[in-house]
2 protein chains.
Amino acid sequence: MSMPIYNFSAGPAVLPDSVLRQAQSEMFDYNGTGFSVMTMSHRSDVFMSIMYHAEQDLRQLMNIPNNYKVLFMQGGASSQFNMAVMNLANGFKRVDSVVTGNWSRIAHNQMGKLSDAKIHLAAHGGELYDYTDLPDPESWDISPDSAFVHYVINETVHGLQYRDVPKPFANQMPPLVCDMSSEILSRPINVSDFGLIYAGAQKNIGPSGATIVIIREDLLERCSDRIPDVWNYKSHVERQGMYNTPATYPIYISGLVFRWLQSQGGVSAVQTINALKARKLYEAIDGSGGFYTNKVAARARSQMNVIFHAPTPELDKLFAQESTTRGLRLLKGYKTMGGMRASIYNAMPLQGVEALIEFMGEFQKRYG
Amino acid sequence: MSMPIYNFSAGPAVLPDSVLRQAQSEMFDYNGTGFSVMTMSHRSDVFMSIMYHAEQDLRQLMNIPNNYKVLFMQGGASSQFNMAVMNLANGFKRVDSVVTGNWSRIAHNQMGKLSDAKIHLAAHGGELYDYTDLPDPESWDISPDSAFVHYVINETVHGLQYRDVPKPFANQMPPLVCDMSSEILSRPINVSDFGLIYAGAQKNIGPSGATIVIIREDLLERCSDRIPDVWNYKSHVERQGMYNTPATYPIYISGLVFRWLQSQGGVSAVQTINALKARKLYEAIDGSGGFYTNKVAARARSQMNVIFHAPTPELDKLFAQESTTRGLRLLKGYKTMGGMRASIYNAMPLQGVEALIEFMGEFQKRYG
């Protein structure tokens, strides 16, 4: 038997084998239609049904209330924070923006470009903690009159994750707009706590090209007709997600992932495994007597992206090389961070994490 | 042997069998990497190489000059006409827009939303010809001072296609911005005639989710820093198409289609077959003694999307039904047009068109 390969890519990321197997077997004939999903009109009954069921399965998995609309869009998270400002800040003077790492910093710097509203820095985890901890939501400088509060719940580059949903002023808080790309479906969340949730599919769901949007329907009233339809949430909702041709194959694959999640027992069940995977890995780091290090405060450590460093940049490099030959792939850290990053999304099996921990021990024995 | 199935979908559309076969065989292991292309980081060497070769192959097929940049973006044609205005009309008072069918009409109505420039109607094929012919480019009311001229070279809904590239004022014409979604790579075109070419991949290339952009590099100087990076051509060029995660799998499939086109002898070779397919089909319509009709003027008939009607709406419906049972799929016309539409893109084999013509004859014998 060949060596198992474990893919720790931060995204596009690992997909369940069973999903790839089904995609492979249906490549020429989806469900007796004689067609590949890739060659079907998006308006065909068959594809409309695929998209409908993907939405229903996502609703079931996340327990999405009826007053939320679900869209499968394109353009990734980078389109969404711009669209959020364009659609939801209309007539408002201020948007509150929380910077906690690489992605929220990019969003903060981009959001003001097409907006009349001021993008107000509500908190800055870089200035406060050099991105090794997260600003307490109670400390966020937010205004009840803001259009919304933007934040990123899990920062893939810095390995930070908010445990709880911020509720500083309870009911007086403006709607939360949250980038969930790298943690969607990894644990139960209460959708009603948010105004808008968006997520590029390429991290915790799988294929790139599909972008999930979950929006509370009263917010659609803010979407002005002056916004081009292709970037207008209301236009997409009114056309049931068919304003333009969606990324059909990535949506189909996402739907297969949703079914796989259901077969695993749903989000609560995978949360248990995700928590175990993360706990074991952080224990291996913390128990290495200082050989491996992760500086993130315990309360803010990501369960999805675990970053760690060996004692020197040379050993980091060697770790990345040697682990690759052992079937542990794409562990090299983000370019600005150095070290290693293990992305352990839903589709990463516990065995992959155990194999990584075993290799970490051997590596330390050799070079420690 | 089972009945062959021919897919006449207007898009997402037919893909060559050999492309689907390769995708199927590489689903778990691309080129010995042990990974599916779907699960690779977009920044991995392997995927970067896939994208690089896709670009090089497209450059070779279209003979794209060095002073043009190629991008694989997201969001389809509907994003591109908005981005064209956002990026290229900066500081201009006017954009010229030619309306020749469904898609250019949508573009015309959308382009003004985020633009200070006036979107000037340069010609209207609906008012002139009820979309059964194309306004002669010499008659377009365009100004040398306009930011650009927008037009759609092939209209999938109305079955219209410009044969030649408009050059009304020769060198004084503003840059042409052209939607080539439904004809890209179907025949040789001279890229230098255009300022910006864009194309959703889901018609004449195949998978939805990837959008091809070919832009003359001097036009990048017009792209203001005030445009959000995700919708800014210059930002994407500066980051070599990796500003954000591209739709990796649709790009990979597009690359396979480019290789397939090369194996067919390139664009000139497929043009010969495309012309033959279209000629045979129009001859079958015109030679049916009035049973089948297509009202489009000969000079404007599309070689990609052939529309036709049977004598009555009831027979149209019957044709669509009966043809489906004969393996001729998705021939039903666009909702506003009725009748039939046969999309005969590059990947539709001549045999598919011959099978359709044979069925048309039988159908006419039965009901004519």
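Bear in mind that the values here come from a model prediction, so they are computed numbers and not experimental data.

Q: Before we move on, could you go through the overall build of chain A and cite the residues and values that matter?
A: A count of helical and extended segments in chain A gives 10 helices and 13 strands. Here the C-alpha atoms of chain A give a radius of gyration of 21 Å, agreeing with the 21 Å that 2.2 N^0.38 yields for 368 residues. Reported as C-alpha extents along the three principal axes, the dimensions of chain A are approximately 65 × 55 × 30 Å. Each of the 368 residues in chain A was classed as buried or not, and the buried ones make up 64%.

Q: How would you explain the UniProt feature "modified residue: N6-(pyridoxal phosphate)lysine" (unreviewed entry) in chain A if you had to name every residue and give the values?
A: Residues and elements named next belong to chain A. Per the UniProt entry, the sites bearing "modified residue: N6-(pyridoxal phosphate)lysine" (unreviewed entry) are Lys203 in this numbering. Looking at the secondary structure, you find lysine 203 in the loop between β9 (196–200) and β10 (211–216). Dropping the residues within four chain positions of it, lysine 203 is found in contact with Ala10, Gly11, Ala13, Thr156, Ser181, Ser182 and Tyr345.

Q: If you had to explain the sheet that holds β9 of chain A to someone new, which residues and values would you point to?
A: Residue and element names in this part refer to chain A. Taken in spatial order, the seven strands of this open sheet run β2-β10-β9-β8-β5-β3-β4, and their pairing is mixed. The open sheet has two edge strands, β2 (68–73) and β4 (118–124), and neither has a second partner. When strand polarity is set aside, the average angle formed by the axes of neighbouring strands in this sheet is 20°. With six bridges connecting them, strand β3 (residues 94–99) and β4 associate as parallel partners. Along β4, the bridge assignment pairs serine 97 with leucine 121.

Q: Which residues make up unusual backbone geometry, and what values go with them?
A: Generally, phi is negative for residues other than glycine and the peptide bonds are trans, each holding for most cases. Each neighbour pair has its own omega, and for glycine 11 of chain A with proline 12 of chain A the value is -15°, a cis peptide bond. Within the fold, proline 12 of chain A resides in the loop between β1 (6–7) and α1 (17–25). Located in the positive-phi region is aspartate 130 of chain A, a residue other than glycine, with phi close to 50°. In the Ramachandran plot, asparagine 31 of chain B falls in the positive-phi region, its phi being about 55° despite a non-glycine side chain. Its location among the elements puts asparagine 31 of chain B in the loop between α1 (17–25) and α2 (45–62). What makes asparagine 31 of chain B exposed here is its relative accessible area of 62%.

Q: Hey, could you go over the packing of aromatic side chains for me, with residue numbers and the actual values?
A: Residue and element names in this part refer to chain A. Scanning the model with the defined rule gives 30 aromatic pairs over all chains in all. Centre to centre, the rings of phenylalanine 319 and phenylalanine 359 are 5.1 Å apart; their planes meet at 70°, and the pair counts as edge-to-face. Linking phenylalanine 319 in helix α9 (residues 313–325) with phenylalanine 359 in helix α10 (residues 350–367), this pair joins segments that are 40 residues apart in sequence. Across the pair, exposure class does not vary: phenylalanine 319 and phenylalanine 359 are buried alike. Grouped by ring-pair contacts, the aromatic residues Phe291, Tyr292, Phe308, Phe319, Phe359, Phe363 and Tyr367 constitute a single cluster.

Q: Kindly report on the side chain of serine 254 of chain A, identifying the contributing residues and their values.
A: By the element assignment, serine 254 of chain A lies in helix α7 (residues 248–263). When residues no more than four places from it in sequence are discounted, the contact partners of serine 254 of chain A are Ala201, Ile205, Pro207 and Ala210 of chain A.

Q: Explain the nonpolar core residue by residue, including any values.
A: Residues Leu185 and Tyr249 of chain A together with Tyr151, Leu185 and Tyr249 of chain B are the most contacted members of the largest nonpolar core, which totals 131 residues. Every residue in contact with tyrosine 151 of chain B, bar those within four places of it in the chain, is listed here: Val98, Trp140, Tyr162, Val165, Pro166, Leu176, Val177, Cys178, Asp179 and Phe194 of chain B. Formed by 62 residues, the second largest nonpolar core is a distinct cluster that contains Ala77 of chain A together with Met73, Val230 and Val237 of chain B.

Q: Describe in detail the interface of chain B and chain A, supporting the description with residues and values.
A: The interface is formed by 62 residues belonging to chain B together with 61 residues belonging to chain A. When chain B packs against chain A, close to 4,700 Å² is buried across both sides, 62% of that on carbon and sulfur atoms. On the chain B side of the contact with chain A, Phe28, Met38 and Trp231 of chain B bury the most area, a combined 14% of that side's loss. For the pair chain B and chain A, the interface holds two salt bridges. The interface formed by chain B and chain A includes 20 residue pairs in polar contact (both at pLDDT 80 or more). When residues of the side of chain B that touches chain A are traced back to their parent elements, those giving at least two are α1, α3 (76–88), α4 (102–111) and α7 (248–263) of chain B. Considering every element that reaches the side of chain B that touches chain A, the biggest residue donor is α3 of chain B, with six residues.

Q: Kindly report on the domain arrangement of chain A, identifying the contributing residues and their values.
A: Residues and elements named next belong to chain A. Domain assignment breaks chain A into domain 1 (21–263) and domain 2 (265–367). Summarising the inter-unit geometry, the C-alpha centres of domain 1 and domain 2 are found 27 Å apart. With 28 residues of domain 1 in contact, the opposing surface of domain 2 contributes 27 residues. Across the interface of domain 1 and domain 2, roughly 2,200 Å² is buried in total on both sides, 51% from carbon and sulfur atoms. With a shortest N-O distance of 3.1 Å, aspartate 133 and arginine 299 are connected by a salt bridge. Applying the counting criterion to the domain 1 and domain 2 interface returns 17 residue pairs in polar contact (both at pLDDT 80 or more). Breaking the side of domain 1 that touches domain 2 down by element, the ones donating at least two residues are β7 (160–161) and α7.

So, how was this worked out
Residues numbered from 1 in each chain as written. Chains lettered and ligands numbered in written order. Predicted model: local features only at pLDDT ≥ 70, side-chain atom pairs only at ≥ 80, totals over all residues. Heavy atoms only, no water. Helix = DSSP H or I, 4+ residues; strand = E, 2+ residues; numbered from the N terminus. Rg over C-alpha atoms; globule rule 2.2 N^0.38 Å. Buried < 20%, exposed > 50% of the residue type's maximum accessible area, 1.4 Å probe, protein only. UniProt positions renumbered as here; feature names shortened; annotations may be inferred. Contact = heavy atoms within 4.5 Å. Pairing = 2+ DSSP bridges. Axes fitted to C-alpha atoms, helices over the stretch in contact; angles between N-to-C directions. Phe/Tyr/Trp six-rings, centres within 6.5 Å; stacked < 30°, edge-to-face > 60°. Core = buried A, V, L, I, M, F, W, Y, C linked by side-chain atoms within 4.5 Å. Buried area = accessible area lost by both parts, 1.4 Å probe. Salt bridge = Lys/Arg side-chain N within 4 Å of Asp/Glu carboxyl O. Polar contact = N/O pair within 3.5 Å; in protein donor to acceptor, adjacent residues only side chain to side chain. Domains from an automatic or database assignment.

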